[in-house]
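# Tertiary structure, described
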Amino acid sequence: MSRERIEVRGLTKTYEGGDPRRPTLDRIDLDVPRGHFVSLIGPSGCGKSTLVRVVAGLEDYDEGSVRIFDSTPRQMCAAKAVGFVPQSPALLPWLNVRRNITLPARVNRRAGKGSENPDALLRMVGLDDAARKYPHELSGGMRQRVAIARAFGTRPDLLLMDEPFSALDEFTREALQWHLLGLWERMSTTVLFVTHSVREAVTLSDEIVVMSARPGRVHEVIPVDLPRPRGDEVTGPRGRALEDRVRASLRGAWESGAAPDDLIPL
Amino acid sequence: MATVSKAAGTDPRRSRRTRPQSPPSRARRGSGRRRRSPLSPRVWLPTVVAVALVGAAWSWVAAGNPYILPELGEVGRTLASDPTLFVENAWSTLQIALLGVAWGAGTAFVLALLMSEIPVLRRAIMPLAVVLNVTPVVALAPALVVAFGFGMTPKVVVTAIVTFFPVLINVTTGLRSVSGPVLHVFRTLHASRLEVLLKLRLPTSLPYALAALRVVLPLSIVGAVVAEFVAAGSSSGLGTMIRNSAANAQLPHVYAAVACLATMGVLMLALTTLLERRLLFWHESQQRNPS
Ligand SMILES: Nc1ncnc2c1ncn2[C@@H]1O[C@H](COP(=O)(O)OP(=O)(O)OP(=O)(O)O)[C@@H](O)[C@H]1O
Ligand SMILES: [Mg+2]
């Protein structure tokens, strides 16, 4: 038990109707020290989203334990200490940008948690001009920035992000990565970040957790020893070497897993 | 959901994508499509031509067969000869229609809310509501007159029953059509059920509720007229007027009353459209270029 890390121990989960011999998550062990940025990467269907939802307290599990800074996921949510950024921006279309960002402050007031100044947040994600706009007036990248600002709104201890950038083009994506890193460095939040992009994982993370599919397991944890703040090293030889290492590990994860369901011929 | 109804098909997202007015958005300016002025002949000419053709056909039939269709001029003169008569009767019918909607839609809305929060209620109420919906109200109306006397009550009840179901189905669907990711965000914030209901489910259901209103407001006029038809002792209302005039073969009166009913229906639709523009400016149905 530690107040300074997220500890996942022997986490096993099979969805209702799933094959119990091949659990969606199979004895997952994971350690995330406070303040670290950790990426989850792995073949489609290996259980990344499921793992994130379990850590967010949105999903039950069969065996094992999840402790976040010595609390349960539910206690963390009750204290509004968790920020969640889903793959789609999930904004409320009837609220303008500013009201969307202050939404976390307006629900669950019992938690008594302070919140970030919305105007400062908007400035940090470069949306000060769009405060009065409605989501349907924004581009996809702007919407995702609003979702990120909203998640930072409660100054969460833990930020969970499930492929937040996967629907964006490459340029927008890179710009948002820098926005995110800026916010993260300023707020010293712990981040668990799901991605499909090796480059993205290397750019952002302190550690990259490579998962394998069917059953969903932790295949390898690769530390990213690039200096921060991140800059040219990411695209330099060290960054590329790390990318190659992650790709090789992913290939290994792919081969060690059972054949993906979608590749089994009918 | 196993139940199917007329209203279940009124998906608010698919309604009227190409409506001429909506708040200006940045996307449109660059779209290269120029907005047509409502004064341009390309906008009004087709409607005018269609109306003129129907009018001409009507007059042609009416000229030879006064007992099939009355002359349009005759209908106009009837309306003009005693406007207060028509206004009073229209008001009488309108009152029944609006009271019926208020009760029917109001009850349906409250029940939909309760059902969304208490699943047991849902299983209890839904089958009853379906049975009520498939029962022809016309068949029920005489019994309601016996039960509630000859005043306004039985007519309001008939109208309420007619308008109840579409609202129930649509609002129920609306309250449940909250997207998973948004709900996840609310749950990670540990929002209470009441907060989820007020800040998420209710606004989400608003487009569905208004789509139901679009169906139900004209329907309420039908309900009120049918109720007046069957309520033997009724002495006012356009429905009563139509029944009595038809019995005396006064076709101009019948069609004058029908014209009043149609006008009321159009006004109600205009009102819903106004409401939708006001309340749903953020919704896809109000955008001209859905992406
Ligand atoms: N709600 C659910 N009910 C039943 N099975 C589910 C559910 N959600 C996910 N699964 C199954 O669990 C497995 C893992 O799904 P999950 O969404 O966690 O994968 P993922 O790693 O996030 O995949 P992707 O990279 O494609 O998003 C899949 O085989 C999927 O079919
Ligand atoms: Mg996923």
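This text gives an overview of the structure that appears in the document. Quantities reported herein were computed from a predicted structural model and do not represent experimental measurements.

### Section: the sheet that holds strand β8 (residues 207-212) of chain A
All names here are of chain A. Here six strands make up an open sheet; going across it, the order is β5-β6-β7-β3-β8-β9 and the pairing mixed. Of all strands in the sheet, those with a lone pairing partner are β5 (82-85) and β9 (217-223), marking the two edges. Sheet twist, expressed as the mean angle between neighbouring strand axes with direction ignored, is 15°. Taken together, the four bridges between β5 and strand β6 (residues 158-162) define a ladder with parallel strand orientation. Opposite Gly83, over in β6, you have Leu159 as the bridge partner. Helix-sheet contacts for helix α7 (residues 170-187) involve β3 (37-41), β6 and β7 (190-194), and the interaxial angle to β3 is about 140°.

### A look at the interface of chain B and chain A
Each partner contributes residues to the interface: chain B has 20 residues there, and chain A has 27 residues. Overall, the association of chain B and chain A removes approximately 2300 Å² of surface from exposure, summing both partners, and the carbon and sulfur fraction of that is 69%. Between the two partners, chain B and chain A, sit one salt bridge. For A:Arg110, the salt bridge identified is with B:Glu195, shortest N-O distance 3.8 Å. Run the count over chain B and chain A and you get three residue pairs in polar contact (both at pLDDT 80 or more). The set of elements that each furnish at least two residues to the side of chain B that touches chain A consists of α8 (180-188) and α9 (193-230) of chain B. At seven residues, the largest contribution of residues to the side of chain B that touches chain A is made by α8(B). Tallied by class, the residues present in the side of chain B that touches chain A amount to 10 nonpolar, six polar and four charged.

### Quick word on the nonpolar core
Counting residues in each nonpolar core, the largest one holds 90 residues, and the members touching the most others are A:Leu51, A:Leu160, B:Leu168 and B:Phe186. Among the elements that take part in this core, α9(B) stands out by supplying 12 residues, more than any other. With near-sequence residues (within four places) excluded, B:Phe186 lies in contact with A:Leu92, A:Leu103, A:Val107, B:Ala191, B:Glu195, B:Val196, B:Lys199 and B:Leu200. Core analysis: the second largest hydrophobic core is formed by 34 residues, A:Leu121, A:Leu127, A:Met187 and A:Leu204 among them.

### Regarding the site of ligand 1
Residues and elements named next belong to chain A. Inspection of the region around ligand 1 gives Tyr15, Thr24, Ser44, Gly45, Cys46, Gly47, Lys48, Ser49, Thr50, Arg53, Glu163 and His196 as its neighbouring residues. Between ligand 1 and Gly47, the relevant distance is 3.0 Å, taken from an oxygen atom to a main-chain nitrogen or oxygen of the residue. For ligand 1, whose unbound accessible area comes to 630 Å², protein coverage reaches 61%. Of the residues assigned to the shell around ligand 1, the class counts are two nonpolar, seven polar and three charged.

### A closer look at the packing of aromatic side chains
The tally for this structure, following the rule as stated, stands at six aromatic pairs over all chains. Relative to A:Trp184, the ring of A:Phe37 has its centre 5.5 Å away and its plane inclined at 80°; by these criteria the two rings are edge-to-face. Of this pair, A:Phe37 sits in strand β3 while A:Trp184 is found in helix α7, placing the two residues 147 residues apart along the sequence. The same class applies to A:Phe37 as to A:Trp184, namely buried. Ring geometry for A:Trp94 and B:Trp282: centres 5.2 Å apart, planes at 65°, overall edge-to-face. Of the two residues, A:Trp94 sits in the loop between β5 and α3 (97-101) while B:Trp282 sits in the segment after α11 (251-279), which places them in two different chains. With respect to class, A:Trp94 is no different from B:Trp282; both count as buried.

### Describing α8(B)
Within α8(B), burial applies to B:Val182, B:Val185, B:Phe186 and B:Thr188. In this fold, the buried residues of α8(B) make contact with α2 (73-78), β5, α4 (103-106) and α6 (140-152) of chain A together with α9 of chain B.

### Quick notes on the side chain of A:Glu200
Residues and elements named next belong to chain A. Its location among the elements puts Glu200 in helix α8 (residues 198-204). Judged by its relative accessible area of 1%, Glu200 falls in the buried class. For Glu200, the residues in contact, after removing those within four places along its chain, are Phe165, Arg173, Gln177, Phe193 and Thr195.

What counts as what
Residues numbered from 1 in each chain as written. Chains lettered and ligands numbered in written order. Predicted model: local features only at pLDDT ≥ 70, side-chain atom pairs only at ≥ 80, totals over all residues. Heavy atoms only, no water. Pairing = 2+ DSSP bridges. Helix = DSSP H or I, 4+ residues; strand = E, 2+ residues; numbered from the N terminus. Axes fitted to C-alpha atoms, helices over the stretch in contact; angles between N-to-C directions. Contact = heavy atoms within 4.5 Å. Buried area = accessible area lost by both parts, 1.4 Å probe. Salt bridge = Lys/Arg side-chain N within 4 Å of Asp/Glu carboxyl O. Polar contact = N/O pair within 3.5 Å; in protein donor to acceptor, adjacent residues only side chain to side chain. Nonpolar A, V, L, I, M, F, W, Y, C, P; charged D, E, K, R; others polar. Core = buried A, V, L, I, M, F, W, Y, C linked by side-chain atoms within 4.5 Å. Buried < 20%, exposed > 50% of the residue type's maximum accessible area, 1.4 Å probe, protein only. Near = heavy atom within 4 Å. Areas by Shrake-Rupley, 256 points an atom, 1.4 Å probe, with all protein chains shown as cover. Phe/Tyr/Trp six-rings, centres within 6.5 Å; stacked < 30°, edge-to-face > 60°.

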